Amino acid sequence: MGFKENALKRSLWVFHFSGGSCNNCDIELLDCLTPRYDLERFGIELVGSIRHADIIAVTGIVNRQCKPRLEKIYKQASKPVFVVACGACPCTGGIFKNSYHTAGPLDEIIPVDAYIPGCPPKPEAIISAIVKLRNKLE
Amino acid sequence: MNEEVINIKNKFDNKIVEFYEKSKKRYYITIEKDDLLDFVDYIFNELGFRYMIETGIDTPGGIEILYHFSFDSRETVVTLKTLLDSKEPVVESISSIVPGAKWIEREIMDILGVKFLNHPNPEKFILSDDWNEKEYPLRRDYDEKKNNN
Amino acid sequence: MSDENKNSKKERTVIPIGPYHPLQEEPEYFQLHVEGEIVKKIEWRTSYNHRGIEKLSQSMSYDQVPYLVERICGICSTSHPLSYVNAVEDLAEIEVPVRAKYIRTIIAELERLHSHLLWVGLAGHFLGFNTVWMWAWKYREPVLEIMEAVTGNRQNYAMMKIGGIRRDIDNEDIPSIKKMLDDLKPKVDLLRGAVMDDPIIHARTKGIGVLTPEDVHNYGALGPTARASGIKDDIRRDYPYAAYDIIDWDVIVEEEGDVFAKAVVRIKEMYESISMIHQCLDALKKENGEIETTVKEIPPGDGIGQAEAPRGEVFHFVRSDGTNRPVRHKVRAPSFCNVPTFEVTTVGETISDAAIILAAVDPCYCCTERMAVINSEGEKSLTGDDLIKMSQQKTERMRKSKKENK
């Protein structure tokens, strides 16, 4: 394990990118931080700037308006960075797969490290995904 | 039929192309597009109906624009219906009377290519920056495959 | 930029908010044009959330559309299907069994509860009261748990169906739901105290972002936003659907039209919701009938459906040509009418108040858009989250000066 990966193992900071979602995954992601689930116990928190982030959590189908912005944000991220597809939409396109305004699925735009299926995924599922990502580093 | 609807009927007796009572709560009034502002002004300002929204539909006979107005205390929805030519759909913007209509008219402009005359801010609204001009997703002749780039 | 524009905007600062802003869950892009501290103009660009749902709906059968429309918005995920089934039932003149009506009401009111709790939390956060945020979201969890027990999912409940509902509520579950509601009531009291008795919140929200009844009419503002301005306008009473005309409840109205009034309306509505759910649950015990009527085919015609979502009226228009798919399905979410009121409510206020005014209508961009870059040359630009910071700093300042005065 290199120095960078070792550093990444500690407190994972998450940048949340909503690429045309229905709000559900976003709310559940935020829910993970509130007292019931409290991800901040483990040093995981949402950050405002992509340059501070270790994880990009993408929700929504990533529509044509969001795609160039997502690519830009991904380029700005300090590497290594994990990309998590949160919910059915970024994983496969979900129910909006055939829409004229979609540019996704996510893995055709940027490389993805973890997929969280579900519409929306429960907070437990999101936590489990982050734990799995963390363990992948060992 | 309640008082407000009778008022509309009496006031614009000769201008109503077709009057259809779907049920006691739903009235559809077909009008010519040149009379639109008169109708909207009377219904919205004088009778005090609440402006709900506009719907644009591409039908084989042309593009239909529906203006939905609601009179909440009487449980009545009055819909004005006007038909535009599909080749060159142009209609007067009602946003000078109803400020809340600005957004939906921009949306209809995007998805159906209807031109609203005298709209204060006729810019792109809901489609992406890279969207092809002259491609209207809710038109009947819209080709999904052609536009998927 | 033309010369004339350049001159007139000489001392204007443009504050871009978004599209990806740390404190918004959804992408949207606002520009606040400010002179000194005063907001002079507000513009916005949408499309970040547009998914083309109206078009997708035309490729689905009538029975599949509810699954699509509940994914318009995660928070109003019952209001949209409910409004859609109301539209189709209006079109085809279908009568819904009484038990289904009660269950529809229960689900819709549970949704209102969780949505208002969510809003109270976010509003607290915008003002710099993070404790309120954590409380509200914590007490929102039991509501979601009940939803999961009843419908199988925390969100996107898939309960609505043309002619009835998809799943019945087991009468044995009723006591546990009632217990949850009883437990929730003191928590709502707590939040009401936290918001309504706090002098700082009064100072920050009273008289701020006033929406006049004339502007409510002009912009067609809806729901709590309109009711806070003294407009007694509630779809549940005006166009009764589900069981709202059978049960007993009040329309909550406040007169002031400011941010505080909007908060008060939402908090008081939570009590009404709790009472409504109790009444429906009691009625369910006696009303053991069918939960759906069989719907054979949808005749050609137009149908209009409305439902009162937590943010205001949801409007659906469905046109049928007699086949098994809608020819046109128009969706109008409440935020589509509420958000343009920013034009009148934020202009003339200070930037530190803009955040809470924007938040006060409970904007829901994914609903609005179901369906930028500015040339800031020569103009000073502030970074995105300065705005929220300013709002929180203002509260902090007030808190301190309050202490000093004591």
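Not measured: the values here are computed from a predicted model. (Residues numbered from 1 in each chain as written. Chains lettered and ligands numbered in written order. Predicted model: local features only at pLDDT ≥ 70, side-chain atom pairs only at ≥ 80, totals over all residues.)

### Thoughts on the UniProt feature "transmembrane region" (unreviewed entry) in chain C
Part 1: UniProt marks residues 117-137 of chain C with the feature "transmembrane region" (unreviewed entry), using the numbering shown here.
Part 2: A helix fraction of 90% and a strand fraction of 0% characterise residues 117-137 of chain C, whose end C-alpha atoms lie 7 Å from each other. (UniProt positions renumbered as here; feature names shortened; annotations may be inferred. Helix = DSSP H or I, 4+ residues; strand = E, 2+ residues; numbered from the N terminus.)

### Some words on the interface of chain C and chain B
Part 1: With 25 residues of chain C in contact, the opposing surface of chain B contributes 25 residues.
Part 2: Listing elements by their share of the side of chain C that touches chain B, those giving two or more residues are α2 (53-57), α9 (213-219), β6 (301-309), β7 (312-320), β8 (326-332) and α13 (334-338) of chain C.
Part 3: Its residues placed into classes, the side of chain C that touches chain B shows nine nonpolar, six polar and ten charged. (Contact = placed C-beta atoms within 7 Å. Nonpolar A, V, L, I, M, F, W, Y, C, P; charged D, E, K, R; others polar.)

### Some details on the interface of chain C and chain A
Part 1: Taken together, the contact pairs 31 residues of chain C with 31 residues of chain A.
Part 2: Elements with a minimum of two residues in the side of chain C that touches chain A: α2, α3 (65-69) and α6 (130-151) of chain C.
Part 3: Considering each element in turn, the side of chain C that touches chain A owes the most residues, four residues, to α6 of chain C.
Part 4: Of the residues in the side of chain C that touches chain A, the class split is 14 nonpolar, eight polar and nine charged.

### Things to note about the sheet that holds strand β1 (residues 12-17) of chain C
Residues and elements named next belong to chain C.
Part 1: If you walk across this open sheet you meet the three strands as β1-β2-β3, and the pairing is antiparallel. Where the open sheet ends on each side, the last strands, each with one partner, are β1 and β3 (38-45). When the angles between neighbouring strand axes are averaged without regard to direction, this sheet yields 20°.
Part 2: As paired elements, strand β2 (residues 29-35) and β3 share seven bridges and run antiparallel to each other. Within β3, the position partnered with V34 by the bridge is V39. (Pairing = 2+ DSSP bridges. Axes fitted to C-alpha atoms, helices over the stretch in contact; angles between N-to-C directions.)

### Some points on the confidence of the model for chain C
Detail in the predicted coordinates should be disregarded across regions flagged by low pLDDT.
Residue and element names in this part refer to chain C.
Part 1: Mean pLDDT over chain C: 83, with 86% of residues reaching 70 or higher.
Part 2: Here residues 1-9 is modelled with pLDDT under 50, and outside its nearest four sequence neighbours on either side it reaches four contacts, counting other chains as well.
Part 3: Counting interchain partners and residues more than four positions distant, the pLDDT-below-50 stretch residues 370-384 has 33 contacts.
Part 4: For this predicted complex, the interface confidence score (ipTM) comes to 0.92, while the overall pTM stands at 0.90. (pLDDT = per-residue confidence, 0-100.)

### Things to note about helix α15 (residues 351-360) of chain C
Part 1: Counting buried positions along α15 of chain C yields ten of ten residues, so the element is predominantly enclosed.
Part 2: Every buried residue of α15 of chain C is listed here: I351, S352, D353, A354, A355, I356, I357, L358, A359 and A360 of chain C. (Buried ≥ 20, exposed ≤ 12 C-beta atoms within 10 Å, placed from the backbone.)

### Focus on the UniProt feature "binding site: Ni(2+)" (unreviewed entry) in chain C
Residue and element names in this part refer to chain C.
Part 1: With numbering matched to this structure, UniProt assigns "binding site: Ni(2+)" (unreviewed entry) to C73, C76 and C364.
Part 2: Position of C76 relative to the elements: it lies in the loop between α3 and α4 (79-92).
Part 3: Here C76 falls in the buried class, since 31 other C-beta atoms lie within 10 Å of it.

### Quick notes on the pairing of strand β4 (residues 82-86) of chain A
Residues and elements named next belong to chain A.
Part 1: Summarising burial for β4: five of the five residues are buried, a large majority.
Part 2: In β4, alternate side chains face the same way, and those of F82, V84 and C86 on one face and V83 and A85 on the other are all buried.
Part 3: Examined bridge by bridge, strand β3 (residues 55-59) and β4 share five bridges and lie parallel to one another. Residue I56 lies in a different strand from β4, and its bridge partner there is V83.
Part 4: Regarding topology, helix α3 (residues 67-76) serves as the crossover connection from β3 to the parallel β4, and that connection is right-handed.
Part 5: Here β4 pairs with strand β5 (residues 114-116) via three bridges, running parallel. Paired with V84 across the strands is A114, a residue of β5. (Right-handed = clockwise from strand over helix to strand, strands pointing away.)

### Here's the deal with unusual backbone geometry
All names here are of chain A.
Part 1: For the peptide bond that leads from K79 to P80, omega is 0°, which places it in the cis range.
Part 2: Checked against the element boundaries, P80 lands in the loop between α3 and β4.
Part 3: Here the bond from C119 into P120 is cis, since omega is -5°, no more than 30 degrees from zero.
Part 4: Position of P120 relative to the elements: it lies in the loop between β5 and α5 (123-136).

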